[in-house]
Amino acid sequence: MIEVDNLHKSFGESHILKGVTTSFEKGKTNLIIGQSGSGKTVFLKCLLGLFTPDEGYICYNGNIYNDLSPDQKRNLRQEMGMVFQGSALFDSLTVEGNVMFPLEMFTKQSKSEMQDRVNAVLKRVNLIDAHHKYPSEISGGMQKRVAIARAIVMNPKYLFCDEPNSGLDPKTAILIDNLIQEITQEYDITTVINTHDMNSVMEIGQKILFLKNGHKEWEGTNKEIFKTDNEAVTDFVYSSELFKKVRQMYIEERN
Ligand SMILES: Nc1ncnc2c1ncn2[C@@H]1O[C@H](COP(=O)(O)OP(=O)(O)OP(=O)(O)O)[C@@H](O)[C@H]1O
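Model, not experiment: these values are computed from the prediction.

*Asks:* Explain the nonpolar core to me, please; I cannot follow it from the model alone.
*Replies:* Taken as a class, soluble globular proteins show a tendency for nonpolar side chains to be buried jointly. Ranked by internal contacts, the top residues of the largest apolar core, which has 52 residues, are I32, F43, V99, V121, I148, A149 and I152. If one sorts the elements of this core by residue count, helix 5 (residues 140-152) sits on top with six residues. No fewer than three residues from each of domain 1 (1-79 + 158-222) and domain 2 (90-155) sit in this core. Discounting chain neighbours no more than four positions away, the residues touching A149 are V99, V121, L122, V125 and L127.

Here it is in structure tokens:
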């Protein structure tokens, strides 16, 4: 579980995060949504320990980050997996090499232990015959699977994903969303996902945090987002005609 209390972050005169308080439960897919520039990436980077908040704190399974020693902070970072926007695979390494990379960097496992672990996670993301291919030789959806395999190879307690669906067709996007949700539940990970994708909100938004101009405008579940009367949320979520119609149908069904 991650608890965030009164988080503030500024860059010079620009006050970006303005007192965000929220929590993300483990075993759940937690989504951060909001318009471009609302502070989602800055918030995710604070959760990753890449930015130091100016005020407030972040607590990981009961441990306040600021109170940890440098060694404890290093250990905590190794419990975090990250799926970057655009996958960020190493072009010069094979699929297997990409997934093995964190094990080689951060563990003292033998070659055969690492190989077993790499095989297991590649199998888990349904990539069984791409071990020796290079990123340029596989599809965007397969690259995302490799990125997810690499993010979970160290058995993380926390998984952060920045726009995991960007650049994917809607069907592949749903498969990737479902895979992230299954893995989150299976391994009881606290997963936080930055997204613009309204399909993701509806499909896997077990908890949704809506940021507006750096503050928490609304939070709730994908079921609750249908019912909310918060104008900022409805303006944002139902900016497409399709979703306006879906909401209307839902309201009519309820009445
Ligand atoms: N390192 C930085 N230094 C200065 N300003 C920054 C830095 N990182 C982000 N910002 C500013 O913080 C604001 C919020 O940016 P952020 O990237 O968090 O938005 P976002 O909600 O993720 O947007 P998008 O959906 O477009 O990715 C922007 O005005 C951005 O210019």
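Anyway, onward from the coordinates.
*Asks:* Would you mind showing me how to read the site of the ligand here?
*Replies:* Near the ligand, the surroundings consist of F11, S14, I16, G34, S36, G37, S38, G39, K40, T41 and V42. The set of elements that each furnish at least two residues to the shell around the ligand consists of strand 2 (14-24) and helix 1 (40-47). The class makeup of the residues in the shell around the ligand is three nonpolar, seven polar and one charged.

*Asks:* Can you help me understand the domain arrangement of the protein chain in this one?
*Replies:* Quite often, the size of an interface is put as the accessible area lost when its parts meet. Domains assigned within the protein chain are domain 1 (1-79 + 158-222) and domain 2 (90-155). Once you take the C-alpha centre of each, domain 1 and domain 2 turn out to be 24 Å apart. Each side of the interface is counted separately: domain 1 has eleven residues, and domain 2 has nine residues. Among the residues forming the side of domain 1 that touches domain 2, the class breakdown is eight nonpolar, three polar and no charged.

Reading guide: rules and limits
- Residues numbered from 1 in each chain as written.
- Predicted model: local features only at pLDDT ≥ 70, side-chain atom pairs only at ≥ 80, totals over all residues.
- Core = buried A, V, L, I, M, F, W, Y, C linked by C-beta atoms within 7 Å.
- Buried ≥ 20, exposed ≤ 12 C-beta atoms within 10 Å, placed from the backbone.
- Helix = DSSP H or I, 4+ residues; strand = E, 2+ residues; numbered from the N terminus.
- Domains from an automatic or database assignment.
- Contact = placed C-beta atoms within 7 Å.
- Near = placed C-beta within 6 Å.
- Nonpolar A, V, L, I, M, F, W, Y, C, P; charged D, E, K, R; others polar.

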